[in-house]
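Working through the structure, step by step
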Amino acid sequence: MAKRALITGITGQDGSFLAELLLAKDYEVHGVVRRTSTLERTRIDHLTSNPEIYNKSLFLHYAELSEPIALRRVIDKSAPDEVYHLAGQSHVGISFEIPETTLDMTATGTLRLLEMMRDYSTQIRFFHASSSEIFGRPDHFPQNETCPFKPVNPYGCAKAYATLMTDVYRETYGLFACNGILYNHESQRRGENFVTRKICRGAAQIKAGLKDYLTLGDVTSLRDWGHAEDYVQGMWLALQQDAPENYVFATGELHSVDEVVQTAFIAAGLDPKKFIRQDPRFMRPSESTRLVGDASKAKNKLGWAPKWTFTEMIESMTRHEIKLISQGK
Ligand code: GDP
């Protein structure tokens, strides 16, 4: 019988790639979607518009992380073998503006799901998408699964809580619960307010004459940027093991925002020096520093390794934006 998976956050970047991966592996995929006034589901439109897939091997259910009764109903109905918990308010900058919502969705939302996992007699395997932001300003470089948590923003605090609760529920109740500690991961489906997508789109808009310049915050900021397609593969592998464990998923390479600018603008055939302006509005009240991951455990135990390089990813994202703009999107 086909395995069944439930994905919270299926309409997001990672959720959409994970749904594709699981459907290709013949899973029956169930996704939790929020009932919002705008039906923002473009990342899975190609799946929901396919009559061979939608309501045959892919099903969507309305529920909110803030609404345990509805969530429980979805779990009952979908009877998953595996739950991938990807939903939450995931923008660090925005978490300073709406810290309570961030905590409620990202921290308490995870706790609610863990409480539900406890009640099911069948052993549902549970994956929590944790984040490198739990390490904040670490003392160790690169960071692995044993590095102490030192978050420096509301999002990182919420993720630290959710990560620790996943550990507590695994150890206390014997749940098959894993944390994937995911470093930044990008793609053409990344939200437009994340810096890689913003830069690639900005370069394409300038090339098309739709914009004169691009405004950014701190371009010296460094991140370990991988491709989301590689990271969802790691999520799946984590749940296929004999025992539940935590894994860091990262490339191990640091690049600056400025390197993203250089790569994207050169791919668009533009001289970046002419088009970048700085605006304090995009500076963070507090920055995470030198978050670079050591994924040796995932490499050794799961056989996981990123396939995309930084340059290939940014060039491909830029080409994609140029194509979108040429189609009037
Ligand atoms: P994050 O690592 O989850 O916060 O991912 P982002 O893509 O939002 O930000 C990555 C880095 O880019 C952070 O250090 C930001 O401070 C920096 N950055 C510089 N300019 C910008 C900008 O205009 N927008 C965003 N989102 N980040 C910027």
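Residues numbered from 1 in each chain as written. Predicted model: local features only at pLDDT ≥ 70, side-chain atom pairs only at ≥ 80, totals over all residues. Heavy atoms only, no water.

**Re the overall build of the protein**
- Scanning the protein from terminus to terminus reveals eleven helices and 13 strands.
- Taking 20 Å as the expected radius of gyration for a compact globule of 329 residues, we find that the protein reaches 20 Å, a close match to that expectation.
- Seen through its C-alpha atoms, the protein measures out along the principal axes to roughly 60 × 50 × 40 Å.
- Within the protein, the fraction of its 329 residues that count as buried is 54%.
- Long-range pairs, those at least 24 residues apart, make up 79% of the contacts in the protein with a sequence separation of at least 6. (Helix = DSSP H or I, 4+ residues; strand = E, 2+ residues; numbered from the N terminus. Rg over C-alpha atoms; globule rule 2.2 N^0.38 Å. Buried < 20%, exposed > 50% of the residue type's maximum accessible area, 1.4 Å probe, protein only. Contact = heavy atoms within 4.5 Å.)

**Here we look at the nonpolar core**
- Ranked by size, the top nonpolar core spans 38 residues in total, and within it Ile7, Ile10, Leu18, Leu22, Val29, Tyr84 and Phe127 carry the most contacts.
- Excluding its chain neighbours within four sequence positions, the residues that come into contact with Leu22 are Ala5, Ile7, Tyr27, Val29, Tyr84 and Trp236.
- By size, the runner-up hydrophobic cluster in this structure holds 21 residues, among which are Leu6, Leu113, Leu114 and Ile124. (Core = buried A, V, L, I, M, F, W, Y, C linked by side-chain atoms within 4.5 Å.)

**Points about the pattern of salt bridges**
- For the structure on display, the rule yields 20 salt bridges.
- Among the salt bridges present, the one from Arg189 reaches Glu20, with a minimum N-O distance of 2.7 Å. One end of the pair, Arg189, is in the loop between strand S7 (185-186) and helix H7 (195-207); the other, Glu20, is in helix H1 (residues 13-24), and 169 residues separate them in sequence.
- Judged by its relative accessible area of 16%, Arg189 is buried. (Salt bridge = Lys/Arg side-chain N within 4 Å of Asp/Glu carboxyl O.)

**Considerations on helix H9 (residues 257-267)**
- Taken together, the buried positions of H9 are Val257, Val260, Val261, Thr263, Ala264 and Phe265.
- One or two positions beyond H9, positive phi appears at Gly269, with a value near 75 degrees.

**Overview of helix H6 (residues 154-173)**
- For H6, which comprises 20 residues, the first-to-last C-alpha distance of 28 Å matches the rise-based estimate of 28 Å (1.5 Å per residue) to within 8%.
- Taken together, the buried positions of H6 are occupied by Pro154, Tyr155, Gly156, Ala158, Lys159, Ala160, Ala162, Thr163, Thr166, Asp167, Tyr169 and Arg170.
- On its buried face, H6 sits against helix H4 (92-97), helix H5 (99-119), strand S5 (125-131) and strand S6 (176-182).
- Once H6 finishes, Gly174 follows within two positions and takes phi at roughly 70 degrees, a positive value. (Expected span 1.5 Å × (residues − 1).)

**Some details on the site of the ligand**
- Near the ligand lie 17 residues; those nearest to it are Lys198, Ser221, Arg223, Arg284 and Glu287.
- Asn193 is positioned such that a nitrogen or oxygen atom in its backbone is 2.9 Å from a nitrogen atom of the ligand.
- Arg223 is positioned such that a nitrogen or oxygen atom in its side chain is 2.7 Å from an oxygen atom of the ligand.
- In isolation the ligand offers 530 Å² of accessible surface; the protein chains occlude 97% of this area.
- Each residue belonging to the shell around the ligand can be placed in one class, and the counts come to six nonpolar, five polar and six charged.
- Composition of the shell around the ligand by domain shows at least three residues from each of domain 1 (4-186 + 227-249) and domain 2 (195-223 + 254-287 + 309-326). (Near = heavy atom within 4 Å. Polar contact = N/O pair within 3.5 Å; in protein donor to acceptor, adjacent residues only side chain to side chain. Areas by Shrake-Rupley, 256 points an atom, 1.4 Å probe, with all protein chains shown as cover. Nonpolar A, V, L, I, M, F, W, Y, C, P; charged D, E, K, R; others polar. Domains from an automatic or database assignment.)

**Quick look at the packing of H1 against helix H8 (residues 228-238)**
- Across the interface, H1 lies against H8 with an axial gap of 9 Å and an inter-helix angle of 60 degrees. Accordingly, the angle class assigned to the pair H1 and H8 is oblique. Seen along the crossing, H1 lies across H8 with a hand that is right-handed. Judged by residue contacts, Gln13, Asp14, Phe17, Leu18, Leu21 and Leu22 of H1 engage Ala228, Glu229, Val232, Gln233, Met235 and Trp236 from H8.
- Among the residues forming the contact of H1 with H8, the class breakdown is eight nonpolar, two polar and two charged. (Axes fitted to C-alpha atoms, helices over the stretch in contact; angles between N-to-C directions. Parallel < 35°, antiparallel > 145°, perpendicular 65-115°, else oblique. Left-handed = near helix turned anticlockwise from the far one by under 90°.)

**A closer look at the domain arrangement of the protein**
- Taken domain by domain, the protein comprises domain 1 (4-186 + 227-249) and domain 2 (195-223 + 254-287 + 309-326).
- Each of domain 1 and domain 2 has a C-alpha centre, and these two points are 28 Å apart.
- Between domain 1 and domain 2, the residue contacts involve ten residues of the former and eight residues of the latter.
- Both sides of the domain 1 and domain 2 interface together cover about 790 Å² of buried area, and 56% of this is carbon and sulfur.
- Our count for the contact surface shared by domain 1 and domain 2 stands at one salt bridge. (Buried area = accessible area lost by both parts, 1.4 Å probe.)

**Brief notes about the environment of Thr220**
- Among the secondary structure elements, Thr220 is positioned in the loop between strand S8 (214-216) and strand S9 (222-223).
- Along the sequence, Thr220 and Ile124 sit 96 residues apart, while their C-alpha atoms lie 43 Å from each other.
- At 2.6 Å, the side chain of Thr220 and the side chain of Asp218 are in polar contact.

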